[in-house]
Amino acid sequence: GNSVTQMEGPVTLSEEAFLTINCTYTATGYPSLFWYVQYPGEGLQLLLKATKADDKGSNKGFEATYRKETTSFHLEKGSVQVSDSAVYFCALTGRGATNKLIFGTGTLLAVQP
Amino acid sequence: EPEVTQTPSHQVTQMGQEVILRCVPISNHLYFYWYRQILGQKVEFLVSFYNNEISEKSEIFDDQFSVERPDGSNFTLKIRSTKLEDSAMYFCASRDRGQNSPLHFGNGTRLTVT
């Protein structure tokens, strides 16, 4: 079945450091890929998405490229801020009627000033 | 921007009691979902709902769970007889038609079963 594997956290960085959070997936067919973010005490917010191979999703300085050949969708940001501290979830949907999201385990990012 | 709203934000109940978690999806959305997140663990799919019926459910969604869309705006999750292990954050989500439309989540209801 479809699944998502994320790098384990927590990830602790200093402000302005470069961020990479790895995500790989297993899926039949051609899934859509997403990154969701969960700030402390809040719900899940869509950060970015990509719907086909080689698409790059971007938002708020974050980027991720849909790599079919490596089945990956790694999240990157060139210069993190304290306000980026949150849990980041990689997710995919298949092509079925329900399009349910399947989440990775989440990666906690802590950015220190 | 339209939001998915969930009430209450926190629900405390005793084991064996029934609880109803409420959600108001975004008004023009057609697909509705419930997910849960046990503290510190991954976000797990429970059920999806479309055209007034369940379209898919997970193994977690057993006979103790039910969903309903009683009117044109609310979407509820009922747990008939709560267990300690039902303690979790429950998220409602909705999405528009369209193969690639993303899910929009509410802020969740934290359910604590004592």
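Refer to the preceding data block for the structure.
Note that the coordinates shown come from a computational prediction; the quantities given were computed from them, not determined experimentally.

### What about the pattern of salt bridges?
Phase 1: According to the stated counting rule, one finds five salt bridges over all chains in the structure shown.
Phase 2: The partner of lysine 56 of chain A in a salt bridge is glutamate 63 of chain A, and the shortest N-O contact between them spans 3.6 Å.
Phase 3: Close ionic contact of glutamate 44 of chain B with arginine 36 of chain B constitutes a salt bridge, the shortest N to O distance being 3.2 Å.

### Side note on the sheet that holds strand E3 (residues 19–24) of chain B
Residues and elements named next belong to chain B.
Phase 1: Taking strand neighbours across the sheet as the criterion, the four strands line up as E1-E3-E8-E7 in an open arrangement whose pairing is antiparallel. Only two strands of the sheet have a single partner each, and these edge strands are strand E1 (5–7) and strand E7 (65–68). Averaged over all pairs of adjacent strands, the angle between strand axes in this sheet comes to 20 degrees, irrespective of strand direction.

### Looking at the interface of chain B and chain A
Phase 1: Contacts between chain B and chain A engage 19 residues on the former and 22 residues on the latter.
Phase 2: Roughly 1,800 Å² of surface becomes buried between chain B and chain A when both sides are summed, with 52% attributable to carbon and sulfur atoms.
Phase 3: Where chain B packs against chain A, one counts one salt bridge.
Phase 4: The partner of glutamate 56 of chain B in a salt bridge is lysine 100 of chain A, and the shortest N-O contact between them spans 2.5 Å.
Phase 5: The tally of links from chain B across to chain A stands at six residue pairs in polar contact (both at pLDDT 80 or more).
Phase 6: Of all the secondary structure elements, the ones that give two or more residues to the side of chain B that touches chain A are strand E4 (31–37), strand E5 (43–50), strand E6 (53–57) and strand E9 (88–95) of chain B.
Phase 7: Broken down by element, the side of chain B that touches chain A gets its largest block of residues, four residues, from E4 of chain B.
Phase 8: For the side of chain B that touches chain A, a count of residues per class yields nine nonpolar, seven polar and three charged.

Rules used in this analysis
- Residues numbered from 1 in each chain as written.
- Chains lettered and ligands numbered in written order.
- Predicted model: local features only at pLDDT ≥ 70, side-chain atom pairs only at ≥ 80, totals over all residues.
- Heavy atoms only, no water.
- Salt bridge = Lys/Arg side-chain N within 4 Å of Asp/Glu carboxyl O.
- Pairing = 2+ DSSP bridges.
- Helix = DSSP H or I, 4+ residues; strand = E, 2+ residues; numbered from the N terminus.
- Axes fitted to C-alpha atoms, helices over the stretch in contact; angles between N-to-C directions.
- Contact = heavy atoms within 4.5 Å.
- Buried area = accessible area lost by both parts, 1.4 Å probe.
- Polar contact = N/O pair within 3.5 Å; in protein donor to acceptor, adjacent residues only side chain to side chain.
- Nonpolar A, V, L, I, M, F, W, Y, C, P; charged D, E, K, R; others polar.

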